[in-house]
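Structure at a glance
Spelled out, the chains give:
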Amino acid sequence: MPRFNLKVAAVVIPAALLLAACGGTNSGDGASSAPTASSSEIRIDGSSTVAPLAAAAGELFKAENASVNVSVGTSGTGGGFKKFCAGETDISNASRPIKDEEAAECAAAGIEFTEIVVANDALTIVVNKENDWATCLTVDELKKMWEPAAEGTVTSWSQIRAGFPDVPLDLYGAGTDSGTFDYFTKAINGEEGASRTDYNPTEDDNVTVQGVEGAKGALGYFGLSYFEENMDKLTAVEVDGGTGCVAPSIETAQAGTYAPLSRPLFIYVNKASAARAEVLAFAEYFVANDDAITSKALFVPLSADQKTTAQTAVAGLK
Amino acid sequence: MTTAANWSIEGKNHERNFKSIMFLGLLWLSLFVAFLFLIILLVTTAMNGMGRYDIRLFTDYNNTTPADAGARAAILGSLFVVTVTAFMAIPIGIAAAVYLEEFADRTKWYNKLIELNIQNLAAVPAILYGMLTLGILTLLGLKNKNVVIGGSLALALLILPVVILTTREALRAVPQEIRDGSLALGATEVQTVTKQTLPAAIPGIATGTILAVSRAIGEAAPLLLLGALVFITYDPNGLFAGFTTMPIQIFSWTSAAQDEFKQLAAATSMLLLVILLSMNGVAIFIRNKFAKRW
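These numbers come from a predicted model, not from an experiment.

With that settled, the discussion passes to the overall build of chain A. Check the secondary structure of chain A and you find 13 helices and 13 strands. A burial count over chain A gives 53% of its 318 residues as buried. Sequence-distant contacts, at least 24 apart, represent 75% of the contacts inside chain A between residues at least 6 apart. Summing over all exposed atoms, chain A offers an accessible surface of approximately 13,100 Å²; the carbon and sulfur share of this is 55%.

Our focus in this paragraph is the domain arrangement of chain A. All names here are of chain A. As far as domains go, chain A holds domain 1 (41-120 + 264-315) and domain 2 (124-247). Here the C-alpha centroids of domain 1 and domain 2 sit 29 Å apart. At the junction of the two partners, domain 1 supplies 13 residues and domain 2 supplies 10 residues. Taken together, both faces of the contact between domain 1 and domain 2 bury some 830 Å²; the carbon and sulfur share is 45%.

Residues and elements named next belong to chain B. The tally for this structure, following the rule as stated, stands at 29 salt bridges over all chains. Arg-168 is the partner of Glu-101 in a salt bridge, and the nearest nitrogen-oxygen pair spans 2.9 Å. With Glu-101 in helix H4 (residues 72-103) and Arg-168 in helix H7 (residues 148-172), this residue pair connects regions lying 67 residues apart in the sequence. Summarising the burial analysis for this pair, Glu-101 and Arg-168 share the class buried.

Before going further, it helps to examine the state of the cysteines. Residues and elements named next belong to chain A. Going through the model one piece at a time under the given rule, you end up with 2 disulfides over all chains. Two residues share a disulfide in this structure: Cys-85 and Cys-106, whose sulfurs sit 2.0 Å from each other. A torsion of -80° about the S-S bond marks the disulfide between Cys-85 and Cys-106 as left-handed. Here Cys-85, found in helix H3 (residues 76-85), pairs with Cys-106, found in helix H4 (residues 100-108); they are 21 residues apart in sequence, far enough to count as distant. Among the residues examined, Cys-85 registers a relative accessible area of 4% and is labelled buried. Its relative accessible area of 0% is what places Cys-106 among the buried residues. Bridging Cys-136 to Cys-245, the disulfide has an S-S length of 2.0 Å.

All names here are of chain B. For the structure shown, the criterion picks out 1 cavity of 30 Å³ or more. Its boundaries defined by the atoms lining it, the largest cavity holds a volume of some 30 Å³. Lining of the largest cavity is provided by Ser-78, Val-81, Val-82, Leu-155, Ala-216, Ile-217, Glu-219, Leu-223 and Thr-245. Those elements that place two or more of their residues in the lining of the largest cavity are H4 and helix H9 (189-218). It is H4 that provides the largest number of residues to the lining of the largest cavity, a total of 3 residues. Its residues placed into classes, the lining of the largest cavity shows 6 nonpolar, 2 polar and 1 charged.

So, on to the pairing of strand E7 (residues 170-174) of chain A. All names here are of chain A. Judged by how many residues are buried, E7 sits mostly within the fold: 4 of 5 residues are covered. Alignment of E7 against strand E8 (residues 200-202), held across 3 bridges, turns out to be parallel. What sits directly across from Tyr-172, in E8, is Asn-200.

Our next topic: the pairing of strand E9 (residues 218-222) of chain A. Residues and elements named next belong to chain A. Among the 5 residues of E9, 5 are classified as buried, and the element is accordingly described as predominantly covered. Burial along E9 is two-sided: the face carrying Ala-218, Gly-220 and Phe-222 and the face carrying Leu-219 and Tyr-221 are both buried. The pairing of strand E5 (residues 124-128) with E9 spans 4 bridges and is classified as antiparallel. Among the inter-strand pairings, Ile-125 is bridged to a residue of E9, identified as Tyr-221. Pairing geometry for E7 and E9, over 3 bridges, is parallel. Looking at E9, one finds that Tyr-172 is bridged to Gly-220.

Right, let's talk about the environment of A:Thr114 for a bit. Locating A:Thr114 in the fold gives a position in strand E4 (residues 113-122). Considering only alpha carbons, one finds A:Thr114 and A:Ala66, 48 residues apart in sequence, at a separation of 26 Å.

The next subject is the interface of chain B and chain A. Taken residue by residue, the interface counts 43 residues in chain B and 39 residues in chain A. Our enumeration of links across chain B and chain A arrives at 2 salt bridges. Across the salt bridge formed by B:Asp259 and A:Lys233, the nearest N and O atoms sit 4.0 Å from each other. Across the contact surface, chain B and chain A share 7 residue pairs in polar contact (both at pLDDT 80 or more). Elements with a minimum of two residues in the side of chain B that touches chain A: H4, helix H8 (176-184), H9, strand E1 (230-232) and helix H12 (259-290) of chain B. Broken down by element, the residue count for the side of chain B that touches chain A peaks at 6 residues, all from H4(B). In terms of residue class, the side of chain B that touches chain A is made up of 19 nonpolar, 14 polar and 10 charged. Of the strand pairs in this sheet, strand E2 (residues 69-73) of chain A and E1(B) are connected by 3 bridges, and their pairing is antiparallel. From the neighbouring strand, A:Gly73 faces E1(B), where its bridge partner is B:Val230.

Before going further, it helps to examine a nonpolar patch on the surface. Residues and elements named next belong to chain B. Together, Phe-35, Leu-38, Ile-39, Leu-42, Val-43, Met-47, Met-50, Tyr-53, Leu-273 and Leu-277 line one region of the surface with nonpolar side chains, adding up to about 940 Å² of accessible area. At 6 residues, helix H2 (residues 14-48) tops the list of elements feeding residues into the nonpolar patch. Looking at the secondary structure, you find Leu-42 in helix H2.

Mean pLDDT for chain A: 84, with 88% of residues reaching 70 or above. Every residue in residues 1-38 of chain A is under pLDDT 50, and counting partners more than four places away or in other chains gives 33 contacts.

We now examine the domain arrangement of chain B. All names here are of chain B. Considered domain by domain, chain B is made up of domain 1 (2-48) and domain 2 (56-290). Computed over C-alpha atoms only, the centres of domain 1 and domain 2 are separated by 35 Å. Approximately 350 Å² of surface area, both sides summed, lies buried where domain 1 meets domain 2, with 83% of it carried by carbon and sulfur atoms. Area buried by domain 1 at its contact with domain 2 is led by Leu-42, Thr-45 and Asn-48, which between them contribute 87% of it. Remark: the boundary between domain 1 and domain 2 carries 0 salt bridges. Remark: the boundary between domain 1 and domain 2 carries 0 residue pairs in polar contact (both at pLDDT 80 or more). By residue class, the composition of the side of domain 1 that touches domain 2 is 2 nonpolar, 2 polar and no charged.

Attention now goes to the sheet that holds strand E11 (residues 238-240) of chain A. All names here are of chain A. Pairing within the open sheet is mixed, and its 3 strands lie in the order E6-E11-E12. Strands at the two margins of the open sheet, each flanked by one partner only, are strand E6 (136-138) and strand E12 (245-246). Looking at chain direction, E6 and E11 are connected through 3 bridges and run parallel. Paired with Leu-137 across the bridge in E11 is Val-239.

Cut-offs applied
Residues numbered from 1 in each chain as written. Chains lettered and ligands numbered in written order. Predicted model: local features only at pLDDT ≥ 70, side-chain atom pairs only at ≥ 80, totals over all residues. Heavy atoms only, no water. Helix = DSSP H or I, 4+ residues; strand = E, 2+ residues; numbered from the N terminus. Buried < 20%, exposed > 50% of the residue type's maximum accessible area, 1.4 Å probe, protein only. Contact = heavy atoms within 4.5 Å. Areas by Shrake-Rupley, 256 points an atom, 1.4 Å probe, with all protein chains shown as cover. Domains from an automatic or database assignment. Buried area = accessible area lost by both parts, 1.4 Å probe. Salt bridge = Lys/Arg side-chain N within 4 Å of Asp/Glu carboxyl O. Disulfide = S-S within 2.5 Å. 1 Å grid on protein atoms, 1.4 Å probe; cavity = no way out; pocket = protein on both sides within 12 Å on 5 of 7 lines; lining within 4 Å. Points joined across faces, edges and corners; volume = space filled by probe spheres on them. Nonpolar A, V, L, I, M, F, W, Y, C, P; charged D, E, K, R; others polar. Pairing = 2+ DSSP bridges. Polar contact = N/O pair within 3.5 Å; in protein donor to acceptor, adjacent residues only side chain to side chain. Patch = residues over 30% accessible without salt bridge, like charges linked within 9 Å, V, L, I, M, F, W, Y side chains within 5 Å. pLDDT = per-residue confidence, 0-100.

As structure tokens, this is what we get:
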């Protein structure tokens, strides 16, 4: 290794750095002009439950508006609202209504929004195919399994109802960042976020499918469309919310008789974004073609009343 | 193999002979087990993807109906992001390596510090580069983090240490006599580097950078952190456009409900594998064809 003249190094290296810095400056310029360049892009993020619905809407919309790009992220309902309230997205998908503190965050950032119900979902309780005892569970029995007090103590089906066999209870549920978790805990345990913690939490419903498929005493929950895709592997449990056993289905979810686990799904539209023609057009398209979109994505369509409400909400965006 | 055979012929010490054959057998067994799992994985993935090795995998965008879905946006996204990554990481990486190897005074504390850091950075988990990039983009005030330039920046940071280290190896392999000869004939230091040392090291540098870039193609973790897990149905059309890449598309399809999406994921995995293998093939070809022996 020769001792090279440091002067040479002093010229060559800053030159290289300068080149790199120039590249950096260029990208900096680009950053400031980026919003105009990508103005024909509609950014959607949020609930992974609603994502397939928004993606289906995007596909159908793009078929008629080829120049508009729609991207759909899956950060979870909570994560989606964080981005939404930071102004990073135009539309936020949610599997539960926005929370007060999230709305406050949006308000603090000066983000105004409109809530639109776009579909219904029936949270479906699934068990193993070999499970021949639990055909119908009451809300109280589900609470017995999932409430915080059950942690470490309720470990067998025989503890749920007299007559159930002594098979170990193996629970699969949604991760804590998901709207599904919030909704389920509220509907079953009475308090949002209150749940035992010794279950298998996952944001990936396939994990629940595989887990429940693999253990005789397993039980899990996820959206109806996910169950419909996996009917050959799992059994859905009827739920008794006080008015008798009701099976999850499009009809019972729409009618609201599948209580308390049928739920509306939302999109939240940033009002400032709706000033852009393509975002407004997309929201209008979503509501006007809701039947086609929900049937493509296998979701429960809106009832007539819900449709009227959604149309009013969209009209308010103009 | 030959060593073990020689021992068995000499056969002076039976116990030692037996032990070495046992050891060799264990080594072969380990190799066999590793290879077996690799083959099983490859074959099952290839089988799972059966039925989707068609042109529509390349031409169609992602779709919520699996029969209409393809990996076009992901394939183009991967190629675009990796190209930008290469443009960012390779010039800086080579320049840094040339400085450290040819110009830096290794007795100086700051050069020692740089050297130590580069060695360490090569072993940093990929996700940390994603966090670092997320921080940089936030500081720059970029609203959309899931943009090509962001992904490329994360991947460039990820492979930079590898580029630097392999380039330095290649430069080190150039005999000192070539530099001395060049300097003795009156060439300046810069001429020596640009006309002699660097050209002589190019095969080694090319091999190293291709391997580094192929690592970038297969990487998903830092991009996930930037929010690249999105449903995208358009070509990446600029440095500030949203994008998705093949590893992320595979990740997203494997968590879908329909089995057809898992089929697509398997087919895309095989495609990614073919791309990686051919890049490594090119690297090996360059090394064998152009590498000089002194």
